[in-house]
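Take a look at the letters that make up each chain.
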Amino acid sequence: MAFSRLTSAIKKEFALLLRDRRLLAPIFVIPVLQVVILSYGATLEIKRIGVGVCDMDMSSGSRRLISAMEGTGYFRVKMVSDPKQITLMLDRREAVIGIVIPHGFASGRNREVQVLVDGSNTSLGQIALYYFTGVIMSATANSLPLDDRVRVIYNPMMKSSWFMVPGVVGLVLLVFTMLLTAIAVVKEKEHGTLEQVIVSPMRPWEFVFSKTLPFVLVGMVQVSLVLTIAVLWFRIPFKGSLFTLAVFGLLMLMSTLSLGLFISVITRTQKQAMMTAYFIAPVLVILSGFMIPVENMPRPSQIVAWLNPITYFLQAMRGIFLKGWGFRELWPQAIVLFIYGTVLLSISTWLVRKRVL
Amino acid sequence: MRAVILKEIRHILRDPISLTVILVMPIAYLFIFLYSITFDIKRVPLGVVDYQNSSLSRDFLNNLTAHGCFELKAYYPDEASLMRDVSLGKIKLGLVIPQDFDERLSAGSLSYAGWFEGVEGNSTNIARGYLFSGAAGFLLGQAEKMGLAPPLDVRPRYLYNPMLRSRWFLAPGFSAIILMLVATALTALSLVREREEGKVEVLRTLPVNPYAFVAAKALPYVVIGLVDFFITIGMVSLIYRVPVKGGILSLTGFTLLFLFPALSLGLVISSIARAQREAWFLALATTLLPSIILSGFIFPVESMPMWLRIIAEAMPVRHYLIILRSVMIKGVGLAELWPHALVLGLYGIALLAIAGRRMRAWLSPG
């Protein structure tokens, strides 16, 4: 009896989900959009960056330097005749760095090259300066005798997308399963259909199980979608195994579904549930190392991040994608997520029984 | 019109959660994000295998760690053990100093090898720059000691933000994004709610001008947006000491101009969506990630592929961010920024017109 009761409840939830066509579209379109935008947009490599150059030397040597700069494709050189104009270009955002090649540069009398950097954009300014230093070192005859053989491993082109797209798996699972679960339960509150559930012989765990199962599947489909696009279209390496990924996905879902249940307990209307989810999600995402690694944060933020289950999930994702790690390396993360999942799920089910049903 | 405005205000005040989101969210976000996110890359964990182990090689390492960019965590006996810790991420830069380090240095060349754990591209890129300039600086120092003329001297000078504090760079970005999120998310629910609750029928019976109605809906949110703006700018300048070089008055003017398209975008979403949930997802899709990634907040728009650049330039928050950053950090004004201001104004008009048209379609019976 209990089994058929459960299956019919699950069937009902699936029917509800599938009927809501206008909700299904964003469920699948938004993750794809996120991967596309991140993969194309999240890059700090520089291309066609505006550079103002004031060539006071006007020699073949200085011209060689300028054409070397243009040849790299990093820079879009704009010549000016007066060093003062460079500041003006930086003011108007026409250039990120400005270069003054001194008189006597080619003859070696004056080797002091002034570089003005737009400090209002710190990362871009620094990277542009670094690229320029590279160009000038290799373009001038007495280049620095520097034999730097440091290789970058796991992400040789240093693409931000390789760091962030594995994180999108976590982002998508968090935002959608949390929000959808919360809405699904709160909708029953709003429509006053909870009484029917209460008088039915359905147990609380059955209610929670049938409410969340459709979103477990939604989450799994979303992850597959993200994975397919990331690997096949954007060629982000996936060195680990799908099995490890799936296990971590399920462990993570235990936590995110519970968060959705928590929200449904404390809110009364769909709007409130959405607002709360909207409010919580960015904090959980930022303090999980989605954009910048936890190690680069100040100590108090790190402590909060280590209390956040998503941090462990993102570590696992990057390990699986970029390093090909399995449970041998990731067992601590798996245990932490499992403990979080069980504890949160038990508490939230208990809360749903006490406060909702 | 006044009745519509008053009703909307009452509605905002009645819902404690909306009110919390409006007032607490900007403060909490700004505090958490600005505190946690920093691009000042310091104390990058460094592991070393020093096959030379001479005073010169130690000098070189001291030179790298002296400025606080790198922190020497441990020496390793061989490359395999160093490599293991690099791959685990315990060590970000594993440096191998060759056996003939001194010999080559006396011949005038500096050589080393190693690995960066590059999973996170941005900080790796910057740390690599530190390594490069640290090595170049060491080499120049050596050349000077030996009485040789330095081959080339690149002298960087940072304008506007001489200490290169990343908070100066991030704070305007966060302010712009938070304002965008609040403005669009709030108005996105305003019209669709009326429709969901079936109030459109009532409106149809009244002599309502759809454009005036839509504008009246947005007005209370202009005030909220301004309040949020003052909260964020106040925090940014008082707690985090980010300057507002161009003056608060000019900044407020630009912000009013920005609220126009930002709120109108929410209204357009609200007039397209059939249900609150749908409006919510649309608002999320059009604001959250795009405004973080495509606004130039962190990633340079100039380097993106052309089609994505077009989308990025088409977003109001991109222009607002440019304005905010320029006014706050560079101290420039309308003379330099009028093209961006013009774009914001035109957007506002266009989006409001679209929302008004949609509204008129709702109001006309049948």
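Residues numbered from 1 in each chain as written. Chains lettered and ligands numbered in written order. Predicted model: local features only at pLDDT ≥ 70, side-chain atom pairs only at ≥ 80, totals over all residues.

Draft legend 1. How the structure looks around the overall build of chain B. Scanning chain B for helices and strands turns up 15 helices and 5 strands. In terms of overall dimensions, chain B has C-alpha extents of about 95 × 45 × 40 Å along its principal axes. Within chain B, contacts between residues at least 6 apart in sequence are counted, and of these 79% link residues at least 24 apart. (Helix = DSSP H or I, 4+ residues; strand = E, 2+ residues; numbered from the N terminus. Contact = placed C-beta atoms within 7 Å.)

Draft legend 2. Quick look at the sheet that holds strand E4 (residues 110–117) of chain B. Here we have 5 strands laid out as an open sheet, ordered E5(A)-E4(B)-E3(B)-E1(B)-E2(B), and mixed in their pairing. Lying at the two open borders of the sheet, with one neighbouring strand each, are strand E5 (146–153) of chain A together with strand E2 (70–75) of chain B. Within the sheet, the average angular offset between the axes of one strand and its neighbour, ignoring direction, is 25°. Bridge count between E5 of chain A and E4 of chain B: 8 bridges; the pairing is parallel. Looking at the pairing, Leu146 of chain A lines up with Leu110 of chain B of E4 of chain B. Sheet contacts for helix H4 (residues 79–88) of chain B: strand E1 (44–50), strand E3 (93–97) and E4 of chain B; angle to E1 of chain B, the most-contacted strand, approximately 170°. (Pairing = 2+ DSSP bridges. Axes fitted to C-alpha atoms, helices over the stretch in contact; angles between N-to-C directions.)

Draft legend 3. Representation of the environment of Arg149 of chain A within the structure. Topologically, Arg149 of chain A is positioned in strand E5. By the C-beta count within 10 Å, which is 11 here, Arg149 of chain A ends up exposed. Those residues in contact with Arg149 of chain A that lie beyond four places of it in its chain are Tyr112 and Ala113 of chain B. (Buried ≥ 20, exposed ≤ 12 C-beta atoms within 10 Å, placed from the backbone.)

Draft legend 4. Seen up close, unusual backbone geometry. Residues and elements named next belong to chain A. Even without a glycine there, the phi angle at Arg93 is positive, about 65°. Relative to the elements of secondary structure, Arg93 occurs in the loop between helix H4 (83–91) and strand E3 (97–101). Residue class for Arg93 comes out buried when judged on the 21 C-beta atoms lying within 10 Å of it. Residues other than glycine seldom take positive phi values, yet Met158 does so here, at roughly 55°.

Draft legend 5. Up close: the environment of Glu94 of chain A. Residues and elements named next belong to chain A. The residue Glu94 is located in the loop between H4 and E3 in this model. By the C-beta count within 10 Å, which is 17 here, Glu94 ends up partly exposed. If sequence neighbours within four positions are ignored, Glu94 has contacts with Gly50, Lys78 and Met89.

Draft legend 6. Quick look at the interface of chain A and chain B. Each side of the interface is counted separately: chain A has 88 residues, and chain B has 83 residues. Within the residue set of the side of chain A that touches chain B, elements represented by two or more residues are helix H2 (21–41), H4, strand E4 (112–118), helix H5 (122–139), E5, helix H6 (160–191), helix H10 (270–286) and helix H12 (309–323) of chain A. When residues in the side of chain A that touches chain B are grouped by element, the largest group, 11 residues, is from H10 of chain A. In terms of residue class, the side of chain A that touches chain B is built from 47 nonpolar, 23 polar and 18 charged. (Nonpolar A, V, L, I, M, F, W, Y, C, P; charged D, E, K, R; others polar.)

Draft legend 7. Representation of the pairing of strand E1 (residues 49–55) of chain A. All names here are of chain A. The buried fraction of E1 is high, at 7 of 7 residues. On E1, burial covers both faces: Ile49, Val51, Val53 and Asp55 on one face and Gly50, Gly52 and Cys54 on the other are all buried. Here 6 bridges tie E1 to strand E2 (residues 75–80), and the two strands are oriented parallel to one another. Bridge assignment links Val51 to a residue of E2, and that residue is Val77. When E1 meets E3, the two strands line up parallel, connected through 5 bridges. Bridge pairing links Val51 to Ile97 in E3.

Draft legend 8. Spatial organisation of the nonpolar core. Core analysis: the largest hydrophobic core is formed by 191 residues, its most contacted members being Ile97 and Ala128 of chain A. By residue number, the principal contributor to this core is H6 of chain A, which donates 20 residues. (Core = buried A, V, L, I, M, F, W, Y, C linked by C-beta atoms within 7 Å.)

Draft legend 9. Quick look at the packing of H2 of chain A against helix H8 (residues 204–233) of chain A. All names here are of chain A. Where H2 contacts H8, the two axes come as close as 10 Å, and the packing angle between them is 30°. Relative to H8, H2 is oriented so that their crossing is right-handed. Here Ile27, Phe28, Pro31, Val32 and Val35 of H2 come into contact with H8, specifically with Val218, Gln222, Leu225, Val226, Ile229 and Ala230. Split into classes, the residues belonging to the contact of H2 with H8 amount to 10 nonpolar, 1 polar and no charged. (Left-handed = near helix turned anticlockwise from the far one by under 90°.)

Draft legend 10. Inspection of the confidence of the model for chain A at higher detail. When the pLDDT values of chain A are averaged, the result is 86; 97% of them are 70 or greater. Across chain A, H12 of chain A holds the top mean pLDDT of 94, while helix H7 (residues 194–199) of chain A sits lowest at 77. (pLDDT = per-residue confidence, 0-100.)

Draft legend 11. A look at the environment of Val35 of chain A. Within the element layout of this structure, Val35 of chain A appears in helix H2. When the C-alpha atoms of Val35 of chain A and Val135 of chain A are compared, they prove to be 33 Å apart, with 100 residues separating the residues in sequence.

Draft legend 12. Quick peek at helix H7 (residues 166–188) of chain B. End to end, H7 of chain B covers 33 Å across 23 residues, agreeing with the expected 33 Å (1.5 Å per residue, within 8%). Of all 23 residues in H7 of chain B, 21 are buried; the element is thus mostly enclosed. (Expected span 1.5 Å × (residues − 1).)

Draft legend 13. The pairing of E4 of chain B, seen in detail. Both E3 of chain B and E4 of chain B contribute to a ladder of 4 bridges, which runs antiparallel. Within the sheet, the bridge partner assigned to Val96 of chain B lies in E4 of chain B and is Ala113 of chain B.

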